[in-house]
Amino acid sequence: MVTEQGGGASEADGGPVRHIPVLLNEVLAALEPAPGKVILDGTFGAGGYASAILNAGADVIALDRDPTAIAAGQSMVAASGGRLKLIHSRFSELAEHAPTGSLDGVVLDIGVSSMQIDEAERGFSFQRKGPLDMRMSAAGVSAADVVNRAKVSDLIRIFGFLGEEKQSGRIARAIEKRRAETPFETTRDLAGLIEIVTPRKAKDKIHPATRVFQALRIFVNDELGELAQVLFAAERALKPGGRLVVVTFHSLEDRIVKAFFQDRSGKAAGSRHLPLVTARPATFTPVGKPMVAASEEEASLNPRARSAKLRAGIRTEAPSPGNDLSIFNLPELASLARLGG
């Protein structure tokens with residue numbers, strides 16, 4: 001994608017920023033694009049990674065669930081001479097666009113793009129009044145649907161698990177009381193209530209609504225489920241020697257990517273309290289350090305890169321062991337379909 005939110009706790013802290021690809025040099029070093037290679041960019045955004053990969057000589061298949069990003073990228077497609085294929089799709093649907101063993105690389109920049117944050121009408125930022133939306137694909141259940149219809153117990157779990165909000169119960173009960181009188185429609189409706197319920201203290205580095213907005217965005221877009229599914233899909237689509245490079249921006253995402261690479265390392269699992277799980281052939285070997293963070297220089301130039309983490313692996317010849325979501329320990333939350341209009 002493009003410049004991202006930086007830790008989930010700072011996505012709305014600043015004003016509009018230029019769309020700077022985060023960890024670009026590190027991504028290219030791990031990905032090794034070159035003439036003759038085919039790289040899939042699962043989060044096209046403003047095309048920062050895709051452009052750099054094309055400049056390195058590789059062909060690119062790029063996906064984005066946001067129709068606005070697809071429309072904006074058509075000029076790049078036209079200028080690519082047929083080397084860029086841009087597709088409106090969730091990245092979890094990667095297998096529909098790349099057959100098994102067809103790719104030399106996959107790069108994923110996880111989260112919400114600064115383009116989306118900076119557009120008030122998308123409803124991602126509480127600093128800009130707009131509809132309480134947050135849908136990356138501009139379709140399906142909105143944040144307003146969740147806030148106005150979900151059970152209090154479900155809201156508590158969403159805010160607690162996905163936003164790591166310690167005051168989730170107090171905020172959820174205040175939402176229930178307010179929506180009985182007037183439904184929530186705008187970002188300021190919700191942010192204003194949270195400011196009253198959990199006032200900002202002098203020592204607080206972030207706005208009191210930050211974690212709730214993060215939680216709603218992740219839930220509405222099923223971001224953790226999408227990430228888990230695309231990791232499995234990338235494993236199948238990569239050739240032996242192909243590279244998977246993932247950049248994340250907060251701990252929930254990074255834990256999923258870390259768990260995936262650990263599970264695919266081929267090392268036996270277990271402890272003195274649990275039986276040893278038999279080792280299986282590794283499907284990925286690590287690229288460089290287990291985790292790469294943004295440099296101080298990059299973080300100072302681009303605040304949204306401050307919490308960026310890169311993890312990468314090289315595909316082996318071992319067959320994929322299949323999709324086992326239990327390795328991610330994802331929380332069980334309310335059904336999005338049940339909250340629809």
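In short, a report on the structure. Just so you know, these numbers come straight off a predicted model, no measurement behind them.

The next point concerns the nonpolar core. Counting 64 residues, the largest nonpolar core has Leu94, Val146, Phe159, Leu190 and Leu244 as its most contacted members. Looking at this core element by element, the count peaks at 9 residues for helix H11 (residues 223-237).

Okay, the environment of alanine 30 next. Within the fold, alanine 30 resides in helix H1 (residues 24-31). Sequence separation of alanine 30 and glycine 313 is 283 residues, and the distance between their C-alpha atoms is 8.3 Å. The contacts of alanine 30, once residues within four sequence positions are left out, are Arg243, Val245, Val287 and Ala312.

So, on to the environment of valine 246. Among the structural elements, valine 246 can be located in strand E5 (residues 238-248). For valine 246, a relative accessible area of 0% gives the class buried. Separated by 215 residues in the primary sequence, valine 246 and leucine 31 place their C-alpha atoms 10.0 Å from one another.

Note on placement: phenylalanine 159 falls in helix H7 (residues 152-163). You can call phenylalanine 159 buried: its relative accessible area is 0%. Taking the C-alpha atoms as reference, phenylalanine 159 lies 5.4 Å from alanine 215; in sequence the two are 56 residues apart. Here phenylalanine 159 is in contact with Glu164, Glu165, Ser168, Ile171, Ala172, Ile175, Val212, Ala215 and Leu216, once residues within four sequence places are set aside.

Per the counting criterion, the structure on display carries 5 aromatic pairs. Seen in terms of ring centroids, phenylalanine 261 and phenylalanine 284 are 5.6 Å apart; in terms of plane orientation they differ by 85°. Their pairing is edge-to-face. Note that phenylalanine 261 is positioned in helix H12 (residues 251-263) and phenylalanine 284 in strand E8 (residues 284-286), a separation of 23 residues in sequence. Like phenylalanine 261, the residue phenylalanine 284 is buried in the burial classification. An aromatic cluster is present here, built from Phe232, Phe260, Phe261, Phe284 and Phe328 joined pairwise through their rings. Above the ring of phenylalanine 184, the side-chain terminus of arginine 178 is found at 4.4 Å from the ring centroid.

Here strand E1 (residues 38-41) pairs with strand E2 (residues 59-64) via 4 bridges, running parallel. Looking at the pairing, isoleucine 39 lines up with valine 60 of E2. Once you follow E1 into helix H2 (residues 48-55) and on to E2, the crossover reads as right-handed. Of the strand pairs in this sheet, E1 and strand E4 (residues 103-109) are connected by 3 bridges, and their pairing is parallel.

What counts, and where the lines are drawn
- Residues numbered from 1 in each chain as written.
- Predicted model: local features only at pLDDT ≥ 70, side-chain atom pairs only at ≥ 80, totals over all residues.
- Heavy atoms only, no water.
- Core = buried A, V, L, I, M, F, W, Y, C linked by side-chain atoms within 4.5 Å.
- Buried < 20%, exposed > 50% of the residue type's maximum accessible area, 1.4 Å probe, protein only.
- Helix = DSSP H or I, 4+ residues; strand = E, 2+ residues; numbered from the N terminus.
- Contact = heavy atoms within 4.5 Å.
- Phe/Tyr/Trp six-rings, centres within 6.5 Å; stacked < 30°, edge-to-face > 60°.
- Lys NZ or Arg CZ within 6 Å of the ring centre and 35° of its normal.
- Pairing = 2+ DSSP bridges.
- Right-handed = clockwise from strand over helix to strand, strands pointing away.

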